[in-house]
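Chain by chain, the residues:
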Amino acid sequence: MNAIVNKHGNNRVGPVMRAGELAMAVVEAAREDNPDRDIRVDDKRAYLRIDTDDELILRRETIERALGRPFKMNDLEVDLSSFAGRIETLPDQVRFYFTKHL
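The structure displayed is predicted, hence computed values, not measured ones. (Residues numbered from 1 in each chain as written. Predicted model: local features only at pLDDT ≥ 70, side-chain atom pairs only at ≥ 80, totals over all residues. Heavy atoms only, no water.)

**Q** When you look at the nonpolar core in this model, what are you seeing that I'm missing?
**A** As a rule of thumb, soluble globular proteins bury nonpolar side chains together. With 24 residues, the main nonpolar core has Met17, Leu22, Val26, Ile50, Leu58, Ile63 and Leu76 as its most contacted residues. Secondary-structure elements contributing two or more residues to this core are β2 (12-18), α1 (21-33), β4 (47-53), β5 (55-59), α2 (60-67), β6 (80-84) and β8 (93-97). Broken down by element, this core gets its largest block of residues, seven residues, from α1. Residues within four places of methionine 17 in sequence aside, it is in contact with Leu22, Ala23, Val26, Tyr47, Leu48, Ile50, Leu76, Asp79, Leu80 and Ser81. (Core = buried A, V, L, I, M, F, W, Y, C linked by side-chain atoms within 4.5 Å. Buried < 20%, exposed > 50% of the residue type's maximum accessible area, 1.4 Å probe, protein only. Helix = DSSP H or I, 4+ residues; strand = E, 2+ residues; numbered from the N terminus. Contact = heavy atoms within 4.5 Å.)

**Q** In this structure, what is going on with the confidence of the model for the protein chain? I would like to understand it.
**A** Reading predicted coordinates in detail is not appropriate for stretches of low pLDDT. On average, the protein chain scores 91 in pLDDT, and the residues at 70 or more come to 88%. For the stretch residues 1-6, pLDDT sits under 50, and the model shows 16 contacts to residues farther than four places along the chain or on other chains. (pLDDT = per-residue confidence, 0-100.)

**Q** How should I be thinking about α1 in this particular structure?
**A** In an α-helix, one turn spans 3.6 residues; hence positions three or four apart end up facing the same way. Its 13 residues place the ends of α1 18 Å apart at the C-alpha level, agreeing with the 18 Å of an ideal helix rising 1.5 Å per residue. Turning to α1, its buried residues are Leu22, Ala23, Ala25, Val26, Val27, Ala29, Ala30 and Asp33. Packing partners of the buried residues in α1 comprise β2, β3 (40-43), β4, β5, α2 and α3 (76-79). (Expected span 1.5 Å × (residues − 1).)

**Q** Hey, could you run me through α2 in this one?
**A** Here α2 has its buried residues at Thr62, Ile63, Glu64 and Leu67. Contacts made by the buried residues of α2 are with α1 and β5.

**Q** What am I meant to see in the packing of α1 against α2 here?
**A** Two numbers describe a pair of packed helices, the interaxial angle and the distance between the axes. Where α1 contacts α2, the two axes come as close as 8 Å, and the packing angle between them is 130°. Put simply, α1 runs oblique to α2. With respect to the hand of their crossing, α1 and α2 are arranged in right-handed fashion. Side by side, α1 and α2 meet where Glu21, Leu22, Ala25, Val26, Glu28, Ala29, Glu32 and Asp33 of the first sit next to Thr62, Ile63, Arg65, Ala66 and Leu67 of the second. Here the residues of the contact of α1 with α2 are counted per class, giving seven nonpolar, one polar and five charged. (Axes fitted to C-alpha atoms, helices over the stretch in contact; angles between N-to-C directions. Parallel < 35°, antiparallel > 145°, perpendicular 65-115°, else oblique. Left-handed = near helix turned anticlockwise from the far one by under 90°. Nonpolar A, V, L, I, M, F, W, Y, C, P; charged D, E, K, R; others polar.)

And the structure:
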C-alpha cells in the first residue's frame, strides 16, 4: 500500500477509509485513542480522510467497542484505501506517524 505523499508541507497523518461501518468506528476510535489531538474528518462520501498532526493511534479494543463485535487489526486493510505518513501495524494497534517534521 502506498502512503500519500506529503506534498502540502504539513505533518498530517492518518488513514483514508472507504465509507461505511468500519470507517465510522475508526473515526470514533481516533477521537477516543488520541484525546489530546484535534482529529479532522474529511467526508468525501465514498471515503473518509481521518487525520491529525504528527501521530495517530488506533487501538483494536476501541474499534471493537465502536463496532460492537470482535475485530482483527489486519482487517483494517480491507477498507484502508490509503494513508498519510508512515504506518506501524501491531496485533493490538496501528500507528500512523512521521519520522521527520516539517
